Amino acid sequence: MIYSTVIPKNIYCDATDLRASKMQVTAAVVREASGPFELESLELCDPRADEVLVRIVGAGICHTDLICRDQEYPVPLPIVLGHEGSGVVEAIGSDVAGLAPGDHVVLSFNSCGNCGNCGRGLLTRCDHLFERNFSGARPDGSNALGSDTSSINGHFFSQSSFSTYAIANVRNAIKVDDAAPLELLGPLGCGIQTGAGAVMNTLHPRAGSSIAIFGCGSVGLSAVMAAKAVGCGTIIAVEPNSARRELAKQLGATHSIDPETENPTEKIGQLCGGGAEYSVECTGNPNVFRQAVDCLSVSGTCALVGAAAMGTEVQLDMNSIMFGRTVVGVIEGDSIPDQFIPKLVDLFQQGRFPIDQLITFYPLADIQSAVTDMENGKVIKPVLRP
């Protein structure tokens with residue numbers, strides 16, 4: 001994504017915050033590029049007027065956390081990551097409306113609410129998306145998270161939820177049904193809403209249409225579930241891992257392709273009579289992206305979801321695009337979180353969106369094991385429970 005990468009100076013507690021009390025929290029800190037997640041005792045200031053204090057009960061680990069750890073996206077270090085938190089509101093700022101202590105919330109990305117794109121409902125295209133999600137601080141450079149011994153960057157996606165408690169903004173704390181299992185819901189804040197939203201909010205496939213989904217991690221499998229929920233007739237999962245291909249079929253895929261033994265473009269052409277009407281690219285691999293475009297029928301649309309390292313380029317056949325194929329970039333499922341996340345919760349409660357089949361729980365203390373298992377393909381979506 002192309003946004004300003006100017007990172008403001010990190011100020012732990014400004015003049016207003018210094019009058020506030022601080023609480024001790026336990027958080028997972030990354031101190032160097034590609035370094036380990038290590039639990040540390042930190043301080044957290046009270047919420048400001050437009051913020052809420054959330055006791056975290058679950059926090060999903062997302063690919064974005066790992067590429068930020070590895071500095072493929074330029075976040076400042078040391079930092080507390082985590083951007084798929086779910087929890088219970090413990091305290092609210094004086095200007096917060098619509099939330100109260102005791103409410104169950106899912107924490108998602110933040111947007112400014114004031115720029116032209118936000119005014120048009122395009123929150124994922126917010127002009128200030130970078131500083132509100134990747135700068136390691138609030139937009140003014142201040143930070144509610146700190147340590148006696150060193151500066152710690154927080155406010156990752158306005159939450160930094162790899163912690164026992166987090167400060168979130170009222171705009172990215174989404175109230176959900178108290179009857180839903182809160183510890184399962186954190187991944188709705190990013191990975192799951194990204195895959196599902198690419199289908200439901202971006203592509204809008206008609207009932208009976210064909211769709212090919214490249215990559216069956218949590219994002220791709222969420223796209224599979226969404227495609228089934230909206231009534232796609234042919235749902236093709238392209239994935240080298242046999243266990244994930246099988247799970248994709250259980251979740252709604254009508255066909256699966258092993259790209260290591262079959263040519264996905266040719267096979268999809270055979271299955272769909274010339275090409276798929278829609279495709280979703282979830283890997284961030286330029287070669288796979290090319291396949292996701294080449295597999296389309298004329299007038300087909302590819303949703304690019306996979307996050308690649310900054311500066312990654314891809315080659316496409318210009319005539320393929322000129323004759324009517326479309327490529328569209330998707331961030332966070334093009335979602336309006338306070339509308340889309342409750343919708344996904346409703347689908348889950350109806351048994352039509354079984355996110356529980358993607359999730360493996362770990363204690364927060366085992367975060368490094370959870371990351372290793374995720375990177376090795378042993379689990380699909382690890383969720384940390386403090």
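It should be noted that the structure appears before, not after, this text.
Residues numbered from 1 in each chain as written. Predicted model: local features only at pLDDT ≥ 70, side-chain atom pairs only at ≥ 80, totals over all residues. Heavy atoms only, no water.

### Section: the nonpolar core
Then comes step 1: Among the nonpolar cores identified, the biggest contains 56 residues, and Phe37, Ile61 and Phe162 are the most heavily contacted of them.
Then comes step 2: Look past the residues within four positions of Phe37 in its chain and what remains in contact with it is Ala28, Val29, Val30, Leu66, Arg69, Leu81, Phe162, Ile367, Gln368 and Val371.
Then comes step 3: Ranked by size, the runner-up nonpolar core spans 51 residues in total, among them Leu203, Leu221, Ile235 and Phe340. (Core = buried A, V, L, I, M, F, W, Y, C linked by side-chain atoms within 4.5 Å. Buried < 20%, exposed > 50% of the residue type's maximum accessible area, 1.4 Å probe, protein only. Contact = heavy atoms within 4.5 Å.)

### What about the pairing of strand β6 (residues 85–92)?
Then comes step 1: In this sheet, β6 lies alongside strand β4 (residues 51–60) in antiparallel orientation, the contact comprising 7 bridges. Bridged to Leu53 within β6 is Ala91.
Then comes step 2: Sheet analysis places β6 next to strand β7 (residues 104–107), joined by 3 bridges and oriented antiparallel. Its bridge partner being in β7, Val88 is matched across the sheet by His104. (Pairing = 2+ DSSP bridges. Helix = DSSP H or I, 4+ residues; strand = E, 2+ residues; numbered from the N terminus.)

### Examining helix α6 (residues 242–251)
Then comes step 1: All of the buried residues in α6 are Arg244, Arg245, Leu247, Ala248 and Leu251. The arc enclosing the buried residues of α6, seen along the axis, measures out at 165°, which places them on a common side. Exposed side chains of α6 directed beyond 90 degrees from the buried face belong to Ser242 and Ala243.
Then comes step 2: Buried residues belonging to α6 abut α5 (218–229), β13 (234–238) and β14 (255–257).
Then comes step 3: Two or three places before Ala243, at the start of α6, stands the capping residue Asn241, its side-chain oxygen 2.9 Å from that residue's backbone nitrogen.
Then comes step 4: After α6 finishes, the residue Gly252 shows a positive phi value of roughly 140°. (Arc of directions from axis to C-beta. Polar contact = N/O pair within 3.5 Å; in protein donor to acceptor, adjacent residues only side chain to side chain.)

### Things to note about the packing of aromatic side chains
Then comes step 1: Using the criterion set out here, one finds 6 aromatic pairs in the structure.
Then comes step 2: Consider the rings of Tyr73 and Phe134, whose centres lie 5.8 Å apart with planes at 75°: the pair is edge-to-face. You can see Tyr73 sitting in the loop between α1 (63–69) and β5 (79–80) and its partner Phe134 sitting in the loop between α3 (129–133) and β8 (142–143), a full 61 residues away along the chain. By the burial criterion, Tyr73 is buried, and Phe134 matches it.
Then comes step 3: Look at Phe156 and Phe157: their rings are 4.9 Å apart centre to centre, the planes differ by 65°, and that puts the pair in the edge-to-face class. You'll find Phe156 and Phe157 in the same group, each marked buried.
Then comes step 4: Of the aromatic side chains, those joined through ring pairs into one cluster are Tyr73, Phe130, Phe134, Phe156 and Phe157.
Then comes step 5: Positioned over the ring face of Phe361 is Arg385, at 3.9 Å from the centre of the ring. (Phe/Tyr/Trp six-rings, centres within 6.5 Å; stacked < 30°, edge-to-face > 60°. Lys NZ or Arg CZ within 6 Å of the ring centre and 35° of its normal.)

### Side note on the packing of α5 against α6
Then comes step 1: Relative orientation of the contacting elements α5 and α6 amounts to 25°, with a least axis distance of 9 Å. By the angle class used here, α5 and α6 are roughly parallel. Considering only the axes of α5 and α6, their crossing is right-handed. Here Leu221, Val224, Met225 and Lys228 of α5 come into contact with α6, specifically with Arg244, Leu247, Ala248 and Leu251.
Then comes step 2: Its residues assigned to classes, the contact of α5 with α6 shows 6 nonpolar, no polar and 2 charged. (Axes fitted to C-alpha atoms, helices over the stretch in contact; angles between N-to-C directions. Parallel < 35°, antiparallel > 145°, perpendicular 65-115°, else oblique. Left-handed = near helix turned anticlockwise from the far one by under 90°. Nonpolar A, V, L, I, M, F, W, Y, C, P; charged D, E, K, R; others polar.)

### Description of a nonpolar patch on the surface
Then comes step 1: Judged by side-chain polarity, Val298, Met322 and Phe323 come together as a nonpolar surface patch covering roughly 360 Å² of accessible area.
Then comes step 2: With respect to the helices, strands and loops of the structure, Met322 is situated in helix α9 (residues 318–322).
Then comes step 3: Exposure remark for Met322: the relative accessible area of 62% places this residue in the exposed category. (Patch = residues over 30% accessible without salt bridge, like charges linked within 9 Å, V, L, I, M, F, W, Y side chains within 5 Å. Areas by Shrake-Rupley, 256 points an atom, 1.4 Å probe, with all protein chains shown as cover. Salt bridge = Lys/Arg side-chain N within 4 Å of Asp/Glu carboxyl O.)

### Thoughts on the pairing of strand β12 (residues 210–214)
Then comes step 1: Across the 5 residues that make up β12, a large majority, 5, are buried.
Then comes step 2: Both faces of β12 are covered, namely the face carrying Ser210, Ala212 and Phe214 and the face carrying Ile211 and Ile213.
Then comes step 3: By the bridge criterion, 5 bridges tie β12 to β13 in an arrangement that is parallel. In the strand pairing of β13, Phe214 is matched with Val238.
Then comes step 4: As paired strands, β12 and strand β15 (residues 276–281) are joined by 4 bridges and run parallel to one another. Within β15, the position partnered with Ile213 by the bridge is Val280.

### A look at the pattern of salt bridges
Then comes step 1: A full pass over the atoms with the stated rule returns 13 salt bridges.
Then comes step 2: The partner of Glu40 in a salt bridge is Arg31, with the nearest N and O atoms 2.8 Å apart.
Then comes step 3: The exposure class assigned to Glu40 is buried, which follows from its relative accessible area of 19%.
Then comes step 4: Where Arg138 meets Glu51, a salt bridge forms, and the shortest distance between an N and an O atom there is 2.7 Å. Taken together, the residues Arg138 in the loop between α3 and β8 and Glu51 in strand β4 connect sequence positions 87 residues apart.
Then comes step 5: On the basis of relative accessibility, which here comes to 5%, the residue Glu51 falls in the buried class.
Then comes step 6: One salt-bridge network, held together by shared partners, links Arg69, Asp70 and Glu375.

So yeah, pure geometry; function would need other evidence.
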